[in-house]
Amino acid sequence: MRYQKASEILPVELVELIQDYIDGEYVYIPRKQENKKNWGEASRTREELRLRNVEIFVSYSQGMSTRELAEQYFLSEKSIQRIVLQEKKMRRGEDMGGKSE
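Residues numbered from 1 in each chain as written. Predicted model: local features only at pLDDT ≥ 70, side-chain atom pairs only at ≥ 80, totals over all residues. Heavy atoms only, no water.

A word on the packing of helix 3 (residues 45-61) against helix 4 (residues 66-73). Two numbers describe how helix 3 lies on helix 4: the axes approach to 10 Å, and their chain directions differ by 150°. In terms of orientation, helix 3 and helix 4 fall into the roughly antiparallel class. The crossing of helix 3 and helix 4 is right-handed. Taken together, the residues of helix 4 that come into contact with helix 3 (itself represented by Arg52, Glu55, Ile56, Ser59 and Tyr60) are Thr66, Leu69 and Tyr73. Residues that form the contact of helix 3 with helix 4 fall into these classes: four nonpolar, two polar and two charged. (Axes fitted to C-alpha atoms, helices over the stretch in contact; angles between N-to-C directions. Helix = DSSP H or I, 4+ residues; strand = E, 2+ residues; numbered from the N terminus. Parallel < 35°, antiparallel > 145°, perpendicular 65-115°, else oblique. Left-handed = near helix turned anticlockwise from the far one by under 90°. Contact = heavy atoms within 4.5 Å. Nonpolar A, V, L, I, M, F, W, Y, C, P; charged D, E, K, R; others polar.)

With that settled, consider the packing of aromatic side chains. Using the criterion set out here, one finds one aromatic pair in the structure. A centroid spacing of 5.3 Å and a plane angle of 40° characterise the contact between tyrosine 3 and tyrosine 26, whose relative ring orientation is tilted. Separated by 23 residues along the polypeptide, tyrosine 3 in the segment before helix 1 (6-9) and tyrosine 26 in the loop between helix 2 (12-21) and helix 3 bring together distant segments of the chain. According to the relative accessible area criterion, tyrosine 26 is exposed, its value standing at 71%. (Phe/Tyr/Trp six-rings, centres within 6.5 Å; stacked < 30°, edge-to-face > 60°. Buried < 20%, exposed > 50% of the residue type's maximum accessible area, 1.4 Å probe, protein only.)

With that settled, consider the packing of helix 3 against helix 5 (residues 77-95). Contact pair helix 3 / helix 5: the axes reach a minimum separation of 9 Å and the direction vectors enclose 90°. It follows from the interaxial angle that helix 3 and helix 5 lie roughly perpendicular. Between helix 3, through Arg50, Arg52, Asn53, Val54, Ile56, Phe57 and Tyr60, and helix 5, the contact on the second element is made entirely by Ile80, Ile83, Val84, Glu87, Lys88, Met90 and Arg91. Of the residues assigned to the contact of helix 3 with helix 5, the class counts are eight nonpolar, one polar and five charged.

That's the geometry; what it means functionally is another story.
Structural data, given as C-alpha coordinates:
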(Lines give C-alpha, C1' and ligand atoms only; values in the text may rest on other atoms or scores of the structure.)
Protein backbone atom coordinates (compact mmCIF):
# COMPACT_ATOMS: atom_id res chain seq x y z
CA MET A 1 0.00 0.00 0.00
CA ARG A 2 1.31 3.41 -0.86
CA TYR A 3 0.09 6.89 -0.14
CA GLN A 4 -1.50 8.95 -2.87
CA LYS A 5 -2.19 12.66 -2.82
CA ALA A 6 -5.93 13.19 -2.54
CA SER A 7 -5.64 16.38 -4.59
CA GLU A 8 -4.23 14.34 -7.49
CA ILE A 9 -6.95 11.68 -7.58
CA LEU A 10 -10.11 13.20 -6.08
CA PRO A 11 -12.31 16.06 -7.23
CA VAL A 12 -11.50 19.40 -5.55
CA GLU A 13 -14.98 19.52 -3.97
CA LEU A 14 -14.47 16.15 -2.31
CA VAL A 15 -11.02 17.11 -0.99
CA GLU A 16 -12.49 20.30 0.50
CA LEU A 17 -15.31 18.31 2.12
CA ILE A 18 -12.84 15.84 3.65
CA GLN A 19 -10.74 18.77 4.90
CA ASP A 20 -13.80 19.92 6.88
CA TYR A 21 -13.50 16.70 8.89
CA ILE A 22 -9.75 16.16 9.05
CA ASP A 23 -7.43 18.83 7.78
CA GLY A 24 -3.92 17.61 6.97
CA GLU A 25 -4.29 14.22 8.71
CA TYR A 26 -3.91 10.72 7.30
CA VAL A 27 -7.00 8.74 6.35
CA TYR A 28 -7.14 5.04 5.59
CA ILE A 29 -9.80 4.10 3.07
CA PRO A 30 -10.46 0.34 3.30
CA ARG A 31 -11.01 -1.86 0.29
CA LYS A 32 -14.53 -2.74 -0.75
CA GLN A 33 -15.53 -6.13 0.64
CA GLU A 34 -15.58 -7.71 -2.82
CA ASN A 35 -12.00 -6.55 -3.48
CA LYS A 36 -10.47 -7.83 -0.24
CA LYS A 37 -7.83 -10.52 -0.44
CA ASN A 38 -7.40 -13.34 2.02
CA TRP A 39 -4.39 -13.43 4.30
CA GLY A 40 -1.26 -14.47 2.43
CA GLU A 41 -2.93 -14.37 -0.96
CA ALA A 42 -0.89 -11.51 -2.40
CA SER A 43 2.48 -12.57 -0.98
CA ARG A 44 2.17 -16.37 -1.42
CA THR A 45 2.85 -16.79 2.30
CA ARG A 46 -0.17 -19.05 2.66
CA GLU A 47 1.10 -21.42 -0.06
CA GLU A 48 4.63 -21.45 1.40
CA LEU A 49 3.31 -22.35 4.86
CA ARG A 50 1.10 -25.04 3.33
CA LEU A 51 4.11 -26.63 1.65
CA ARG A 52 6.16 -26.36 4.86
CA ASN A 53 3.40 -28.07 6.85
CA VAL A 54 3.24 -30.93 4.34
CA GLU A 55 7.03 -31.34 4.63
CA ILE A 56 6.73 -31.44 8.42
CA PHE A 57 4.00 -34.07 8.26
CA VAL A 58 5.92 -36.25 5.82
CA SER A 59 9.08 -36.05 7.94
CA TYR A 60 7.07 -36.88 11.07
CA SER A 61 5.44 -39.82 9.26
CA GLN A 62 8.89 -41.09 8.32
CA GLY A 63 9.95 -41.17 11.98
CA MET A 64 11.38 -37.74 12.75
CA SER A 65 10.53 -36.61 16.29
CA THR A 66 8.62 -33.46 17.17
CA ARG A 67 11.74 -32.17 18.93
CA GLU A 68 13.89 -32.63 15.82
CA LEU A 69 11.27 -30.99 13.65
CA ALA A 70 10.89 -28.09 16.08
CA GLU A 71 14.64 -27.47 15.92
CA GLN A 72 14.77 -27.80 12.14
CA TYR A 73 11.85 -25.42 11.49
CA PHE A 74 12.44 -23.07 14.45
CA LEU A 75 9.01 -23.82 15.91
CA SER A 76 7.85 -25.06 19.29
CA GLU A 77 7.08 -28.72 19.77
CA LYS A 78 3.45 -27.74 20.40
CA SER A 79 3.34 -26.04 16.99
CA ILE A 80 4.72 -29.17 15.34
CA GLN A 81 2.11 -31.29 17.13
CA ARG A 82 -0.64 -28.92 15.97
CA ILE A 83 0.59 -29.06 12.36
CA VAL A 84 0.81 -32.87 12.41
CA LEU A 85 -2.70 -33.16 13.85
CA GLN A 86 -4.06 -30.69 11.29
CA GLU A 87 -2.44 -32.61 8.43
CA LYS A 88 -3.80 -35.93 9.74
CA LYS A 89 -7.31 -34.46 9.84
CA MET A 90 -6.97 -33.10 6.30
CA ARG A 91 -5.82 -36.45 4.99
CA ARG A 92 -8.65 -38.24 6.78
CA GLY A 93 -11.08 -35.82 5.09
CA GLU A 94 -9.50 -36.47 1.70
CA ASP A 95 -9.66 -40.25 2.23
CA MET A 96 -13.36 -40.00 2.96
CA GLY A 97 -13.97 -37.93 -0.18
CA GLY A 98 -14.32 -34.68 1.75
CA LYS A 99 -12.91 -31.33 0.82
CA SER A 100 -9.67 -30.40 2.56
CA GLU A 101 -9.91 -26.57 2.36
